[in-house]
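Architecture at a glance
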Amino acid sequence: MLLKNESGKQMLLLGNEAIVRGILEAGISMVTTYPGTPASEIGDTTSEIASKAGLYMEYSTNEMVAVEVAAGAANVGVRALTAMKHVGLNVAADALMTLAYIGVRGGYVIVTADDPECYSSQNEQDNRYYALLSSLPCMEPSDPQEAKDMIKTAVDISEKLELPVLLRTTTRVNHTRGPVTMGKLAKPSLRGTLVRDVKRMVMIPAHARLMHVRLLEKVEKAREISENSPYNTVKRKGKSQIGIVSSSSAYNYAVEAVELLRLDASVLKLGLTNPLPEKLIGQFLKANKKVIIIEELEPYLEVQIKAIAKDHTPTVEIYGKTAKQYFPRKGELTTRLVAEGLAQITGQKLPLDFRKIDEAYAEVAKDLPARPPILCAGCPHRASFFVIKRACGDKANYPTDIGCYALGIAPPLSVGDLLICMGSGVSTAQGMSRATGEPTIAIIGDSTFFHAALPGLVNAVYNNAKITLAVLDNSTTAMTGHQPHPGTGVTGMGTPSEKISIEKVAEGCGVKFVKSVNPFEIKEATAVLKEALQHNGPSVVILRSPCTLLTVRDRRRKGITVKAFRITDKCTDCMTCIKLLGCPALIIENGKVHIDETLCTACGLCASVCPYKTIEGEEAST
Amino acid sequence: MKEFNIVLAGVGGQGTILAAEILGVAAVKDGLNTRVSEIHGMAQRGGAVTSSVRIGENVASPTVLEGQADVLIGFEPLETLRNLKFVSERTFVIMSDERIPPTELAAKNIAYPSIERILEKIRKFTDSVIAVETERLAKEAGSILTKNIVLLGVLAASGKLPVKDESLVEALKELVPAKHVETNVNAFKLGYEYVKKKT
């Protein structure tokens, strides 16, 4: 669909699909990524069409590697793009900061997808600050159409300034579908040539000092582009003296809230937000008495606009989230939050009685059972956590990591004591073990292992930390949508590659105790974990069983049906299965345990924990 | 038409995203502006999920304002209740009667409330509500995986949607795998007829 050259046609596209169409229209020839919500579909959609489109894409081992691979290509004149979630840019930050000095020859765009409200993230940092920190241009689309169009503009700006450009999206841009008008497809070209220029490209101190000056010169050129960008525009309204400044998804809420309140206000929409168009903003400030800044997360625009006001028109009143908080600094905005803030500032009355709605809803919500995300029925992680708990007990410490297995914190499994970022489990375990002297088992998944665990694991060996690393290997990057990784034997281009063995990597790092076991083999897995805990030094236990969603999909494709397990009449209602496993297929009806036939995948875990052997069924292998 | 707002609420894995996408594609086929919002990733794993579809010339925000849904499609009874904040007396509520008990209920040994009690609570917000036997109809259509499409059939039959029935069916045919088109079209028809019979 995305590959058709249907210039002028309108299609409904997910923000992330629109970005991929932008990649195709901009002639980008290399796409690198590490999957992360809400950016994942950029890589996945590219992966589906890459070979047909004639471009190269890869799932890199992590975001830093992804940026470096693309930077190599962009520095020999090839157009490239790297996509990642917001926290991925923390991993890539070391490369980013100095790449800004070096710049690029081929257009290079870095898509960073922020996640206000932490729908699928460990924090809700505002990555526009990376643009300020690195001095790189930053663009912020508000909908799928802009997301597509801005890719091409970003490539143009990148080539003009010879600088990487950040495209900062938010969940509500990445995961919103909207009509997108197609442009013309361009032909990718993966042929680059190295033009040697060590002063520009090899950042030793003497060169870095020079290139920093060059970067600052580029910033001024970028400001000119920003002053004249069609993405930075004012919609004036009548003789209003109220001005609103907004960007990204916040802009959508702003225009709807203005409509809702029937406010007479001019709107300055900013799409190129670093560097800011100082003159344009200065004029806007002069033309209004009150200026209201509506943006999600940090007061990134507001603080800078206040500085601009000081130079241009110190008397203008500026409202937002510094000084007095009219809009929240945390979480995502909504039309309601924006309308409430605007009503407070302008004295306009809200046409909807939200309080009445809240009260009626609170009455319903008060006894609604929660439904947080949980491990799927048949998930091998449930078996892993069960055996880990059985072998190591409640007294052990369990630093955990980023992946579906973070859901292991939910009762009754309750495994997971500290979680910071990708790969933090194996390293925090070392500090924790040394400081408590208690058994410490770090949890990590297979994709995360390759992404960020290796330096931590080497550290454990080098410094002789007594920890056990439990690698919950489900042979995929499950949480973000089943992308391949170095252990799966498939690349982003769909070609086969060497399956990198976690066992051999661990052994290669110098770990003396490395064993792998199927977590559904409860006795054996428990014994292996117990043995690992006795080992004097770092140990690695790989609990290997494929993601149940993949297994179920595979069965469906092959037409294999499996029979759900059954609770027999001999069941004593002791509830042990429910108390130990918390499997969503185990339900209670009229005080009796039942197995939901549609959810049960016949993993057999409940049957093996039933003390009276009253659960029957045939374990399905695949 | 000012705007038309649909909220789709269910449990991760029930096909709310596909149903929302079908509605959005159909709207674009009819030359209408639309925004479809969805939540992916971790939140999906068996958790409560809400998608929304907004249709209308000036629609910009992908999410629906409290009390402003024209239609709430609840793929699961408790999730229907969880999304009543979008409902007012002018909202049409379509609810699947298929119950997926949250694990909290099992852990605390609490019974799932009866459909009647759930309908009672909904009626405090709106009289316009229909409970749909999605499982039976989907099975009749040929696959229990088509429950989401049954609900779309019910929505189409309500006659409230500013999108043509033919566009919906066309979008459906484009978005489901080729070999499942027939089953899904069946499911859509069964949902459609279900309402016609009831009203």
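Look above for the structure.
Residues numbered from 1 in each chain as written. Chains lettered and ligands numbered in written order. Predicted model: local features only at pLDDT ≥ 70, side-chain atom pairs only at ≥ 80, totals over all residues. Heavy atoms only, no water.

Observations regarding the sheet that holds strand β17 (residues 513-517) of chain A
Residues and elements named next belong to chain A. Reading across the sheet, the four strands line up as β15-β16-β18-β17 and stay open at both edges, with parallel pairing between neighbours. Only two strands of the sheet have a single partner each, and these edge strands are β15 (441-445) and β17. The sheet shows a mean angle of 20° between the axes of neighbouring strands, taken without regard to direction. Inspection of the sheet shows strand β16 (residues 468-473) paired to strand β18 (residues 539-544) by six bridges, in the parallel sense. Across the sheet, Ala470 pairs through a bridge with Val541, a residue of β18. (Pairing = 2+ DSSP bridges. Helix = DSSP H or I, 4+ residues; strand = E, 2+ residues; numbered from the N terminus. Axes fitted to C-alpha atoms, helices over the stretch in contact; angles between N-to-C directions.)

Description of the environment of Ile318(A)
By the element assignment, Ile318(A) lies in strand β14 (residues 317-319). For the pair Ile318(A) and Ile293(A), spaced 25 residues apart in sequence, the C-alpha to C-alpha distance is 7.4 Å.

Description of the pattern of salt bridges
Evaluated as defined, the whole model comprises 48 salt bridges over all chains. Residue Lys389(A) pairs with Asp394(A) through a salt bridge whose shortest N-O separation is 3.4 Å. Under the relative-accessibility criterion, Asp394(A) is labelled exposed at 69%. With a closest N to O distance of 2.8 Å, Glu98(B) and Lys147(B) form a salt bridge. Residue Glu98(B) is found in the loop between β5 (92-96) and α3 (103-107), and its partner Lys147(B) is found in helix α6 (residues 147-157); the two are separated by 49 residues along the sequence. As far as the burial class goes, Glu98(B) and Lys147(B) line up, both buried. One network of salt bridges, in which partners are shared, links Asp114(A), Asp126(A), Arg128(A), Glu140(A), Arg168(A) and Glu295(A). (Salt bridge = Lys/Arg side-chain N within 4 Å of Asp/Glu carboxyl O. Buried < 20%, exposed > 50% of the residue type's maximum accessible area, 1.4 Å probe, protein only.)

Remarks on the sheet that holds strand β9 (residues 233-235) of chain A
Residues and elements named next belong to chain A. Taken together, the five strands give an open sheet; going across it, the order is β9-β11-β10-β13-β14, and neighbouring strands pair in mixed fashion. Two strands lie at the open edges of the sheet, namely β9 and β14, each paired on one side alone. Neighbour to neighbour, the strand axes of the sheet diverge by 20° on average, direction disregarded. The sheet contact formed by strand β13 (residues 290-294) and β14 spans three bridges and is parallel. Paired with Lys290 across the strands is Glu317, a residue of β14. Lying on the sheet, helix α10 (residues 248-261) is in contact with β9, β10 (242-247), β11 (266-270) and β13; it crosses β10 at an angle near 145°. (Contact = heavy atoms within 4.5 Å.)

Quick notes on a nonpolar patch on the surface
All names here are of chain A. Taken together, the side chains of Val198, Val202 and Ile204 make up a nonpolar region of the molecular surface, amounting to roughly 240 Å² of accessible area. Looking at the element boundaries, Val202 is found in the loop between α8 (198-201) and α9 (205-228). Judged by relative accessible area, Val202 falls into the partly exposed class, the value being 40%. (Patch = residues over 30% accessible without salt bridge, like charges linked within 9 Å, V, L, I, M, F, W, Y side chains within 5 Å. Areas by Shrake-Rupley, 256 points an atom, 1.4 Å probe, with all protein chains shown as cover.)

Considerations on helix α2 (residues 40-53) of chain A
Residues and elements named next belong to chain A. For α2, with 14 residues, the first-to-last C-alpha span of 19 Å sits near the 20 Å given by 1.5 Å per residue. Along α2, the sharpest change in direction is near 40° and occurs at Ser47. For α2, the tally of buried residues reaches eleven of 14 residues, placing the bulk of the element in the interior. Inspection of α2 places Ser40, Glu41, Ile42, Gly43, Asp44, Thr45, Thr46, Ser47, Ile49, Ala50 and Ala53 among the buried residues, and these make up the whole buried set. A positive backbone phi angle near 80° is found at Gly54, which sits one or two residues after α2. (Expected span 1.5 Å × (residues − 1). Bend = angle between axes of the 7 residues up to and from the residue.)

Some details on the interface of chain B and chain A
Facing the 53 residues of chain B at the interface are 55 residues of chain A. When chain B packs against chain A, close to 4700 Å² is buried across both sides, 62% of that on carbon and sulfur atoms. For the interface between chain B and chain A, the tally reads eight salt bridges. A salt bridge links Arg177(A) to Glu21(B), with the nearest nitrogen and oxygen atoms 3.2 Å apart. Of all the secondary structure elements, the ones that give two or more residues to the side of chain B that touches chain A are α1 (16-29), β2 (34-37), β3 (48-55), α2 (77-82) and α3 of chain B. Across the side of chain B that touches chain A, the residue classes tally to 26 nonpolar, 15 polar and twelve charged. (Buried area = accessible area lost by both parts, 1.4 Å probe. Nonpolar A, V, L, I, M, F, W, Y, C, P; charged D, E, K, R; others polar.)

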